[in-house]
Amino acid sequence: MAVNDLKKRPRLAVFKFASCDGCQLSLLDCEDELLTVAGLVDIAMFPEASSRMEAGPYDIALVEGSITTPHDAQRIQDVRKQATTIVTIGACATAGGIQSLRNWASHEDYLRCVYAKPEYISSLATSTAIADHVRVDYELRGCPVNRHQLLSALTDLVHGRKPRLPAHSVCLDCKRRGTVCVEVAQGIPCLGPVTHAGCGAICPAFDRGCYGCFGPAAQCNCNSLVTTLQSAGTTNDQLLPLLRNFNGAAPEFQAAVQFMNEQS
Amino acid sequence: MSHHTSIQPADVSVAGLLRTDDLQQLIDALIAAGYDVIGPKIDQCAIVYDQITSVNQLPRGWTDLQEPGRYRLQQSDDSKYFGFAVGPHSWKKYLFPPQSIVSTATRTENGWQFSTDAPPAPRLAFLGVRACELAAIEIQDRVFLHGPWVDPIYKSRRDAVLIVAVNCTSAASTCFCSSTNTGPRCRSGFDLALTEIAGGFVIETGSESGRAIAARLPLESVTEHHHAEASSARAQAEAMMTRKLRTDDLHDLLLGNLKHPHWDDVATRCLSCTNCTMVCPTCFCSTVTDVSDLTNDHVQRERKWDSCFNIDFSYMNGSPVRNSIASRYRQWLTHKLASWQDQFGTLGCVGCGRCITWCPPGIDLTEEVVKLRDAVHANSEDPS
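Computed from a predicted structure; not experimentally measured.

Draft legend 1. Broad picture of the overall build of chain B. When its secondary structure is counted, chain B shows 13 helices and 15 strands. At 22 Å, chain B has a C-alpha radius of gyration in line with the 21 Å of a compact globule built from 384 residues. By principal-axis analysis of the C-alpha atoms, chain B measures approximately 75 × 65 × 40 Å. For chain B, the residues scored as buried account for 55% of the 384 residues in total. A sequence separation of at least 24 residues applies to 73% of the contacts in chain B between residues at least 6 apart. Accessible surface, chain B as shown: approximately 16200 Å² in total, 50% of it carbon and sulfur. Across chain B, 35 positive and 44 negative side-chain charges occur, with their mean positions spaced 1 Å apart.

Draft legend 2. Spotlight on the sheet that holds strand E1 (residues 11-16) of chain A. All names here are of chain A. With parallel pairing, 5 strands are arranged side by side in an open sheet as E2-E1-E3-E4-E5. Two strands lie at the open edges of the sheet, namely strand E2 (42-45) and strand E5 (138-140), each paired on one side alone. Strand-to-strand, the axes of this sheet are offset by a mean angle of 25°, without reference to chain direction. Where strand E4 (residues 83-89) lies against E5, 3 bridges are found, and the strand directions are parallel. If you follow Val87 over to E5, its bridge partner there is Tyr138. Strand contacts of helix H4 (residues 70-82): E1, strand E3 (58-64) and E4, with the helix running at about 130° to E4, the strand carrying the most contacts.

Draft legend 3. Broad picture of the nonpolar core. Counting residues in hydrophobic clusters, the biggest one holds 42 residues, and the most contacted among them are B:Trp91, B:Phe126, B:Ile163 and B:Phe190. Among the elements that line this core, the one with the most residues is helix H3 (residues 131-144) of chain B, at 9 residues. Counting residues domain by domain, this core receives three or more from each of domain 1 (9-240) and domain 2 (250-377) of chain B. With near-sequence residues (within four places) excluded, B:Ile163 lies in contact with B:Phe126, B:Val129, B:Leu134, B:Ile137, B:Arg158, B:Gly189, B:Phe190, B:Asp191 and B:Leu192. Counting residues in each nonpolar core, the second largest holds 36 residues, with A:Ala185, B:Ala46, B:Val55 and B:Ala125 among its members.

Draft legend 4. Here's a closer look at helix H11 (residues 222-231) of chain A. Those residues of H11(A) that sit buried are A:Cys222, A:Ser224, A:Leu225, A:Val226, A:Thr228 and A:Leu229. Summarising the contacts, the buried residues of H11(A) are in contact with helix H9 (182-186), helix H12 (236-243) and helix H13 (251-263) of chain A together with helix H9 (262-269) of chain B. A:Gly233 sits one or two positions beyond H11(A) and adopts a positive phi of about 105°.

Draft legend 5. View of the packing of H9(B) against helix H11 (residues 325-344) of chain B. Residue and element names in this part refer to chain B. One can describe the packing of H9 onto H11 by two numbers: an axis separation of 8 Å at closest approach and a directional angle of 105°. One finds that H9 runs roughly perpendicular with respect to H11. In this structure, H9 uses Trp263, Asp264, Val266 and Ala267 to contact H11, whose residues at the interface are Ile325, Ala326, Tyr329, Arg330, Leu333 and Thr334. Of the residues in the contact of H9 with H11, the class split is 7 nonpolar, 1 polar and 2 charged.

Draft legend 6. Structural detail: the interface of chain A and chain B. Between chain A and chain B, the contact holds 37 residues from the first and 49 residues from the second. Contact between chain A and chain B buries roughly 3300 Å² in total, counting both sides, with carbon and sulfur atoms accounting for 56%. Its largest share of buried area at the contact with chain B, chain A owes to A:Arg176, A:Val184 and A:Gln219, together 22% of the area lost on that side. Along the contact surface separating chain A from chain B lie 0 salt bridges. Across the chain A-chain B interface, the total number found is 20 residue pairs in polar contact (both at pLDDT 80 or more). Taken together, the elements giving at least two residues each to the side of chain A that touches chain B come down to helix H1 (2-6), helix H3 (34-40), helix H7 (147-158), helix H8 (170-176), H9 and H11 of chain A.

Draft legend 7. Region of interest: the pairing of strand E11 (residues 200-205) of chain B. Residue and element names in this part refer to chain B. Among the 6 residues that make up E11, 6 are buried, leaving the element largely enclosed by the rest of the structure. Bridge count for strand E10 (residues 192-197) against E11 is 6 bridges, and the pairing is antiparallel. Its bridge partner lying in E11, Thr195 is registered against Val202. Count of turn residues in the E10/E11 antiparallel hairpin: 2 residues, of which Gly199 carries a positive phi of about 90°.

Draft legend 8. Focus on the sheet that holds strand E7 (residues 111-115) of chain B. All names here are of chain B. Across the sheet, 4 strands lie side by side as E7-E6-E13-E12; this open sheet has antiparallel pairing. If you trace the sheet from one side to the other, it starts and ends with E7 and strand E12 (286-292), each paired once. Here the strands of the sheet are splayed against their neighbours by 20° on average, with no regard to which way each runs. Relative to strand E13 (residues 298-305), E12 runs antiparallel, the two sharing 7 bridges. Looking at the pairing, Ser286 lines up with Trp305 of E13.

Draft legend 9. Molecular detail of the environment of B:Phe84. Residue and element names in this part refer to chain B. With respect to the element layout, Phe84 can be found in the loop between strand E5 (70-75) and helix H2 (92-95). The spacing of Phe84 and Thr63 is 21 residues in sequence and 4.5 Å in space, taken between C-alpha atoms. Setting aside anything within four residues of it in sequence, one finds Phe84 in contact with Pro40, Ile47, Pro59, Trp62, Thr63, Asp64, Arg130 and Ser170.

Draft legend 10. The arrangement of the packing of H9(B) against helix H13 (residues 365-381) of chain B in detail. All names here are of chain B. For the pair H9 and H13, interaxial distance at closest approach is 10 Å and the crossing angle is 150°. Here H9 lies roughly antiparallel to H13, going by the angle between them. Considering only the axes of H9 and H13, their crossing is right-handed. Note on element contacts: H13 touches H9 through Glu368, Lys371 and Leu372, opposite His262, Trp263, Val266 and Arg269. A breakdown of the residues in the contact of H9 with H13 according to their chemical character gives 3 nonpolar, 1 polar and 3 charged.

Draft legend 11. Seen up close, H11(B). All names here are of chain B. Approximately 55° is the largest bend angle found in H11, and it occurs at His335. Counting buried positions along H11 gives 14 out of 20 residues, so the element sits mostly inside the fold. The first or second residue beyond H11 is Gly345, which carries a positive phi of 80°.

Draft legend 12. Up close: the domain arrangement of chain B. All names here are of chain B. When cut into domains, chain B gives domain 1 (9-240) and domain 2 (250-377). In this structure, domain 1 and domain 2 have C-alpha centres spaced 26 Å apart. Contacts between domain 1 and domain 2 engage 44 residues on the former and 40 residues on the latter. Summed over both sides, the interface of domain 1 with domain 2 buries roughly 3400 Å², with 59% coming from carbon and sulfur. Linking domain 1 with domain 2 are 3 salt bridges, by the criterion used here. In this structure, Arg354 engages Glu133 in a salt bridge whose closest nitrogen and oxygen atoms are separated by 2.5 Å. Of the residues contributing to the side of domain 1 that touches domain 2, the split by class is 22 nonpolar, 14 polar and 8 charged.

Draft legend 13. Expanded view of the domain arrangement of chain A. All names here are of chain A. Looking at the assigned domains, one finds that chain A contains domain 1 (2-158) and domain 2 (170-263). Summarising the inter-unit geometry, the C-alpha centres of domain 1 and domain 2 are found 26 Å apart. Between domain 1 and domain 2, the contact holds 15 residues from the first and 16 residues from the second. For the pair domain 1 and domain 2, the summed buried surface comes to about 1200 Å²; carbon and sulfur atoms form 58% of the total. By the criterion of area lost to domain 2, the three top residues of domain 1 are Trp104, Arg141 and Cys143, representing 47% of everything that side buries. Between domain 1 and domain 2 we count 0 salt bridges in total. On the surface where domain 1 and domain 2 come into contact, there are 5 residue pairs in polar contact (both at pLDDT 80 or more). A total of 3 residues in the side of domain 1 that touches domain 2 trace back to one element, the largest contributor, which is helix H5 (residues 91-95). Tallied by class, the residues present in the side of domain 1 that touches domain 2 amount to 7 nonpolar, 7 polar and 1 charged.

Rules behind the numbers
- One numbering rule holds for all chains: residues counted from 1, following each sequence as written.
- For this description, chains carry letters from A and ligands carry numbers from 1, given in the order in which they are written.
- Thresholds applied to this predicted model are a pLDDT of at least 70 for local features of residues and 80 or more for the giving and counting of side-chain atom pairs; totals over whole chains, interfaces and linings are not thresholded and use all residues.
- Hydrogens and water molecules were not included; the side-chain quantities draw on all heavy atoms of the structure.
- Runs of E in the DSSP output that reach at least two residues are strands. Runs of H or I that reach at least four are helices, and both are numbered from the N terminus.
- All radius of gyration figures rest on C-alpha atoms, and the globule criterion is 2.2 Å times the number of residues raised to 0.38.
- We call a residue buried when its accessible area falls under 20% of the maximum for its residue type, exposed when it is over 50%, and partly exposed in between, using a 1.4 Å probe and counting protein chains only.
- Should any heavy atoms of two residues lie within 4.5 Å, those residues are counted as being in contact.
- We get accessible surface area from the Shrake-Rupley algorithm with a probe of 1.4 Å; when it comes to residues, only the shown protein chains can shield them.
- Positive charges are assigned to Lys and Arg, negative charges to Asp and Glu, while His and the chain termini are left out of the count.
- A charged residue contributes its charge at one atom only: NZ of Lys, CZ of Arg, CG of Asp or CD of Glu.
- Any two strands between which DSSP finds at least two bridges are classified as paired.
- Axes here mean lines fitted to C-alpha atoms, for a helix over just the part in contact, with angles spanning 0 to 180 degrees between N-to-C directions.
- Throughout, nonpolar core names a set of buried Ala, Val, Leu, Ile, Met, Phe, Trp, Tyr and Cys residues whose side chains join them through atoms within 4.5 Å.
- Note: domain ranges come from an automatic or database domain assignment.
- Here is the rule for angles: anything less than 35 degrees is roughly parallel, anything more than 145 is roughly antiparallel, 65 through 115 is roughly perpendicular, and the remaining ranges are oblique.
- Three categories are distinguished: nonpolar for Ala, Val, Leu, Ile, Met, Phe, Trp, Tyr, Cys and Pro, charged for Asp, Glu, Lys and Arg, and polar for the others, with Gly belonging to the last.
- What gets called buried area is simply the loss in accessible area from a 1.4 Å probe that two parts show on being joined, summed for both.
- Criterion for a salt bridge: a side-chain nitrogen of Lys or Arg within 4 Å of a carboxyl oxygen of Asp or Glu.
- Counting of polar contacts relies on pairs of N or O atoms within 3.5 Å, with two restrictions inside protein: one atom must be capable of donating a hydrogen and the other of accepting it, and residues adjacent in sequence are counted only when both atoms are side-chain atoms.
- Each helix crossing is assigned a hand: it is left-handed if the near helix lies turned anticlockwise from the far helix by less than a right angle, otherwise right-handed if that turn is clockwise.
- What we call the bend at a residue is the angle made by axes fitted to the seven residues finishing there and the seven residues starting there.

Have a look at this one:
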């Protein structure tokens, strides 16, 4: 539309930290919408997509990945200075990702175990979320993010609206799509009641329990869910990998693991 | 046809006996009358409501074991077509769909063009509506049709529905419709009603449309023996119902104890996950959002089921009004059982027990009311 042409297109940058690139790929995965997106924003920095890399400042920065090295801890400060709005994308950026498993282990042991010359490696003992380091404006959850949610958030930002990011549980979305509760009807351990919406409630629709890849929902009651699942026969050996995967470092899930251990 | 005024029991009369082997003829007659038939069938390890065309899709010989936080299908020792209670779905998914488009807007050379055109409502025949569900439909009719604002989506769908009720002949452990005076006998609000007995179904009609369908069926006359059998089958449902809810004091008990510590006790167990409100056949809350495409040239106003357990639901002026699980549970229970009476003149609960079964931690509203009542009375008797 002419209205949009008159405005200066917002400058978009995509930055990667410790991550698998899957969330950035979700943007490239929007094949049908990609040209429209490219018309809405000026893609100034997106190394995964283009070798054209322009200096900041940027209007919108999509940040993928967690902070795991001293260098990245500094680099995210620079990103913050260059960007008006920071949107973190994915579980690594919002909660530390699967690599935060190191937070409960010996960093030194891992280095010795994995690298022939650990002295060449400069990494931090923890993997932490972007919001632990700089102010974050919006967080898109998920491993990976939901591309529809990513597109809708981008659209909202471009048109000057606050992105709509519902914080309710996965259960609400299961019910909206007619999925029968897998926990109640089949006894399948499911984190849906404490997990943040946004995925579209995919796993329970395929007779699988939610494994919390969108992280904790707002004001989730993890203790009650742990008690519920334990009394339905779920063992701590089954619960631990559910609570401690892509969002294991999210404070609510950490507290849930502590509570779970206290119960047994 | 319109069902907006509840059909008086005086209109209800026994039409005849349909042999078990002739049940398919009922489905065929409904289809021939232009309806898509929605009935119970087994899917996702539960008895859900979905489109059916054949009696072979009905969960014949299956029943449901229900308890707080647990639902399991089990083969029963008889071959009844309707030997189970209500499941995770309710008919509201057809009358008040989980997602619908309220209106659309398109930017053109001449400005915005708005439209509220809705697709025509499907003509649906609900097969197997239980007494508690008839009561729930009547409650939603009151909410969507009988207030100052008539909901056009609900109205068009409601007008296109034909209801074939089924009298319960058994009850789940979570059922308590005798307490809410909404069952188990289907007394009004249906076009046809069935009572399943050995060898067939005693068929009652409750409307002109029901009588027209019944006229197409190979009905036999109902003998004294059939009547007695139907009546004892219905009595069995009543006898199996063990759960109770005392209703006479609910309004003042709940609204008079808004600061009672028991709400915090429930909040330690409540997941605030929304499951109870989603499975409730009377809960009617929704959220309406304007959704644009990338170009901002096409916008649709979408309505989705929402819940008072969703923290965003009470968000206003920068923060949520009900910012704790205790306040959200209290909102739900006090509305359902107390302020609903002020608002609509009845309880908002029909005793179907879905919120008990489908709550993962198994929070039972009938028990929570007892605990609150006991705590309040114990406190008032305490001389200190």
